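# A closer look at the structure
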Amino acid sequence: MRELQILVDLGHHPFIVRLYEVHRVAGACHLVFECMEEALDQAILRARAAPHRHLPHTTTLLHQLLQAVAYVHDKGWMHRDIKPSNILLQGHLAKLADFSLARKLRTGSRLRTTYVSTRWYR
């Protein structure tokens, strides 16, 4: 439910995956997002296996990702789990996804744990 709250609070941004619908079925909450081609980690593996297929330009992806992160921070949130599998691609467009570990930025509030992120990626 926290991820839903964060996505609603963030609203629409061109470099953040868009939430379209929310459905509650048998006590479970299902989120419907826009369809993206693949995650960055999959694209990297595909590019390694087939060197003739290229990834979108790195500076383009980084620029888009940094704009998304700046927007998230401006809205008062921190993502806390940025990794290739949470960056979705559609052609040369990159979008930040998976806000399940995100937390509100609060100055002067209690300290946050330093152990966040996906364990195996860390």
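Before going into details, it helps to say that this report is about the structure given with it. (Residues numbered from 1 in each chain as written. Predicted model: local features only at pLDDT ≥ 70, side-chain atom pairs only at ≥ 80, totals over all residues. Heavy atoms only, no water.)

### Some points on helix α1 (residues 2–10)
The following threshold applies: Categorising residues by exposure relies on relative accessible area from a 1.4 Å probe, with only protein chains included: less than 20% of the type maximum marks a residue as buried, more than 50% marks it as exposed, and the intermediate range marks it as partly exposed. A run of DSSP states H or I qualifies as a helix once it reaches four residues; a run of E qualifies as a strand once it reaches two. Both are numbered from the N-terminal end. The directions from the helix axis to the C-beta atoms form the arc being described. A contact between two residues is defined here by any heavy atoms of the two lying within 4.5 Å.
Among the residues of α1, Glu3, Leu4, Ile6, Leu7 and Leu10 are the ones counted as buried. The buried residues of α1 occupy one face: seen down the axis, they fall within an arc of 160 degrees. On its buried face, α1 sits against β1 (19–25), β2 (28–33), α3 (58–74) and β4 (77–78). Among the residues trailing α1, Gly11 stands out with phi positive, at a value near 70 degrees.

### Considerations on the pattern of salt bridges
To keep things clear, this is the line we draw: A pair is scored as a salt bridge if a Lys or Arg side-chain nitrogen falls within 4 Å of a carboxyl oxygen belonging to Asp or Glu.
Applying the stated rule across the entire model yields four salt bridges. A salt bridge links Lys104 to Asp9; its shortest N-O distance comes to 3.7 Å. Of this pair, Lys104 sits in strand β7 (residues 103–104) while Asp9 sits in helix α1; the two residues are 95 residues apart in sequence, bridging distant segments of the chain. Overall, Lys104 belongs to the partly exposed group, its relative accessible area being 26%.

### Points about the sheet that holds strand β3 (residues 38–39)
The criterion, for reference: Strand pairing is assigned whenever DSSP identifies at least 2 bridges connecting the two strands. Here, axes are lines fitted to C-alpha atoms. For helices the fit covers the stretch in contact, and angles between N-to-C directions go from 0 to 180 degrees.
If you trace the three strands from one edge of the open sheet to the other, you get β3-β5-β6, paired in antiparallel fashion. What marks the edges here is a single partner per strand, and that holds for β3 and β6 (93–96). Across four bridges, strand β5 (residues 87–90) lies against β6 in antiparallel orientation. By the bridge assignment for β6, Leu89 is matched with Ala94. Across the sheet, α3 touches β5 and β6, and the angle it forms with β6 is around 30 degrees.

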